Amino acid sequence: MNSSKPTMYLGVGKLYKFINQLAGTLFPGYFAFVMATGALSIAASFLGMDWLAVTFLYLNIVAFILLWLLTLIRLIRYPKRVFTDLASHTIGSGFFTTVAGTCVLGSQLILITGSYQAALYLWALAIILWVLIMYTFFTAVTVRSDTPTLSEGINGAWLIAAVATQSVSILGTLLVPHFTHGRDVALFFTVCMYFLGCMLYLNIITLIFYRFTFLKLEFAALTPPYWINMGAVAITSLAGSTLILNADYWSFLQEITPFLKGFTLFFWAAGTWWIPLLFILAFWRHIHHRYPLTYGPQWWAMVFPLAMYTASTWKLAAALETPFLTIIPRVMIYVALSSWMMVFWGLIHHLYIRTATFYRSERLLKRAK
């Protein structure tokens, strides 16, 4: 029995070292997995696929807890890396996925299980994260002296700032029926967040569109986060539709409902316009130029827009009373599900290879000693 203790301790030590390594190299935007899985779960719930919605909810809860554990370890053990990443033009915006992922999970809990209390805590956490990340990131990229060029610094991940803002609006609006007091205050806040998200999208997409059309775009630079070009307007459509469907809780919201309907349809149409172009550019990158399809955490930034477009179109059809639009999500749900399954398989394979590589290197290191 005594001889087994060192072996047990060695195994625990290796596991701790492996987890520490995962935390140290954690991609800032990995909560996009929670966003993508949650959006697909919500879309499945809208379409009556309850078993799929519940399965993805439980999977998302596990993923959310694990990602937060790794994030906290990284924040405690590698604070300089965290703040360096947060101040980066290229990957700093990925931290907004923590806000969006938190709100998407909260929305799942309400729509699938009716767990308003847990969703309320997640909403409070998301608002705190939104304030911290929003003003830290934009301050850091503004005051730094070594700013990159537009072509080097801007990418589709910047639009996650708009996604995070709209996700706060959606979760807050879904919570309103549960409030016994202050519904008008809550809706005022969520309406302001909705318009703020619209502002962020319009500002950032102008830079991205300019980068697309007037600066040379190498096929290698056309990374999956550019799908957020569509995903940001999809979640904006969902936020607007959610406000329209809850307009009865506040008289002012009823007054501006016609405007909200037009504005929401505008953003949905913009998102629809992006889809064919993004597929064409993906063909240009991976088929024409034969760029390899290797797994990376950024691929979840492609799955999320497809799932969110499915959910937002279903909700838009209800808000505008246009049932003919429901044919789109009935098809898109399978496109989103297929993309999720392929990227999830890539994640499992990636984790397997990384784990095997780590333990192989540990065995070689032990032999060398």
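Residues numbered from 1 in each chain as written. Predicted model: local features only at pLDDT ≥ 70, side-chain atom pairs only at ≥ 80, totals over all residues. Heavy atoms only, no water.

Asks: Kindly report on the overall build of the protein chain, identifying the contributing residues and their values.
Replies: Helix and strand counts for the protein chain stand at 14 helices and zero strands. Each helix (α) and strand (β) of the protein chain, taken in turn from the N terminus, gives the series α-α-α-α-α-α-α-α-α-α-α-α-α-α. By the compact-globule yardstick of 21 Å for 369 residues, the protein chain fits well, its C-alpha radius of gyration being 21 Å. Expressed as lengths along the three principal axes of its C-alpha atoms, the size of the protein chain is roughly 75 × 50 × 45 Å. The buried share of the protein chain, reckoned over its 369 residues, is 52%. Contacts in the protein chain between residues far apart in sequence, at least 24 positions, make up 83% of those at least 6 positions apart. Carbon together with sulfur atoms contributes 70% to the accessible area of the protein chain, which is approximately 17600 Å² in total. Each charge class in the protein chain can be summarised by its mean position, and for the 22 positive and 10 negative side chains these summaries are 21 Å apart. (Helix = DSSP H or I, 4+ residues; strand = E, 2+ residues; numbered from the N terminus. Rg over C-alpha atoms; globule rule 2.2 N^0.38 Å. Buried < 20%, exposed > 50% of the residue type's maximum accessible area, 1.4 Å probe, protein only. Contact = heavy atoms within 4.5 Å. Areas by Shrake-Rupley, 256 points an atom, 1.4 Å probe, with all protein chains shown as cover. Lys, Arg positive; Asp, Glu negative; His and termini not counted. Charge placed at Lys NZ, Arg CZ, Asp CG, Glu CD.)

Asks: Please give an account of unusual backbone geometry that cites residues and values.
Replies: Here the phi dihedral of Arg290 falls at roughly 55 degrees; this positive angle occurs in a residue that is not glycine. Position of Arg290 relative to the elements: it lies in the loop between helix H12 (257–288) and helix H13 (300–320). Take Arg290: its relative accessible area is 73%, and that puts it in the exposed class. The residue Glu321 is not glycine, and still its phi comes out positive at about 55 degrees. Mapping Glu321 onto the fold places it in the loop between H13 and helix H14 (327–368).

Asks: Account for the pattern of salt bridges, with residues named and values stated.
Replies: Counted under the stated rule, the structure contains three salt bridges. Here Asp85 and Arg74 are joined by a salt bridge, their closest N and O atoms 2.6 Å apart. Of this pair, Asp85 sits in helix H4 (residues 79–86) while Arg74 sits in helix H3 (residues 50–77), and the two are 11 residues apart along the sequence. You'll find Asp85 and Arg74 in the same group, each marked buried. Note that Asp146 is salt-bridged to Arg144, the shortest N-O span being 3.0 Å. A relative accessible area of 27% means that Arg144 is categorised as partly exposed. (Salt bridge = Lys/Arg side-chain N within 4 Å of Asp/Glu carboxyl O.)

Asks: Describe the side chain of Ser107, and please don't skip the residues or the numbers.
Replies: Residue placement: Ser107 occurs in helix H5 (residues 96–113). Judged by its relative accessible area of 5%, Ser107 falls in the buried class. What Ser107 contacts, discounting residues up to four positions off in sequence, is Ile42, Ile170, Leu171 and Leu174.

Asks: Help me get a handle on a nonpolar patch on the surface, residues and values and all.
Replies: On the surface, Val62, Ile65, Leu66 and Leu69 cluster together into a nonpolar patch covering about 360 Å² of accessible area. If you trace the backbone, Leu66 turns up in helix H3. Taking relative accessible area as the criterion, Leu66 reaches 49% and is therefore assigned partly exposed. (Patch = residues over 30% accessible without salt bridge, like charges linked within 9 Å, V, L, I, M, F, W, Y side chains within 5 Å.)

Asks: I'd like a description of the nonpolar core, backed by residues and values.
Replies: Within the largest apolar cluster, 126 residues are counted, with the highest numbers of intra-cluster contacts made by Tyr201, Met230, Leu253, Trp300 and Phe304. The residues contacting Leu253, other than those within four sequence positions of it, are Leu187, Val191, Leu243, Asn246, Ala247 and Leu260. (Core = buried A, V, L, I, M, F, W, Y, C linked by side-chain atoms within 4.5 Å.)

Asks: Mind laying out the packing of helix H10 (residues 228–245) against H13, listing which residues take part and the relevant values?
Replies: Where H10 contacts H13, the axes come no closer than 8 Å and their chain directions differ by 30 degrees. Considered as vectors, H10 and H13 are oriented roughly parallel to each other. The chirality of how H10 crosses H13 is left-handed. Where H10 approaches H13, its residues Ile228, Met230, Gly231, Ala234, Ile235, Ser237, Leu238, Ser241, Ile244 and Leu245 are matched on the opposing element by Ala301, Phe304, Pro305, Leu306, Met308, Tyr309, Ala311, Ser312, Lys315, Leu316, Ala318 and Ala319. Classifying every residue of the contact of H10 with H13 gives 17 nonpolar, four polar and one charged. (Axes fitted to C-alpha atoms, helices over the stretch in contact; angles between N-to-C directions. Parallel < 35°, antiparallel > 145°, perpendicular 65-115°, else oblique. Left-handed = near helix turned anticlockwise from the far one by under 90°. Nonpolar A, V, L, I, M, F, W, Y, C, P; charged D, E, K, R; others polar.)

Asks: Could you give an account of H4, with specific residues and numbers?
Replies: Of all the residues in H4, the buried ones are Val82, Asp85 and Leu86. Down the axis of H4, the buried set is contained in an arc of 100 degrees. They therefore lie on one face. In H4, the exposed positions angled more than 90 degrees off the buried face are occupied by Lys80, Phe83 and Thr84. Those residues of H4 that are buried are in contact with H3 and helix H6 (116–143). (Arc of directions from axis to C-beta.)

Asks: Mind laying out the environment of Leu347, listing which residues take part and the relevant values?
Replies: Within the secondary structure, Leu347 is located in helix H14. Residue Leu347 is classed as buried on the basis of its relative accessible area of 10%. For the pair Leu347 and Trp299, spaced 48 residues apart in sequence, the C-alpha to C-alpha distance is 9.7 Å. Every residue in contact with Leu347, bar those within four places of it in the chain, is listed here: Tyr30, Phe33, Tyr295 and Trp300.

Asks: I'd like a description of the side chain of Thr98, backed by residues and values.
Replies: Counting through the fold element by element, Thr98 comes out in helix H5. Here Thr98 is in contact with Phe31, Leu129 and Ile133, once residues within four sequence places are set aside.

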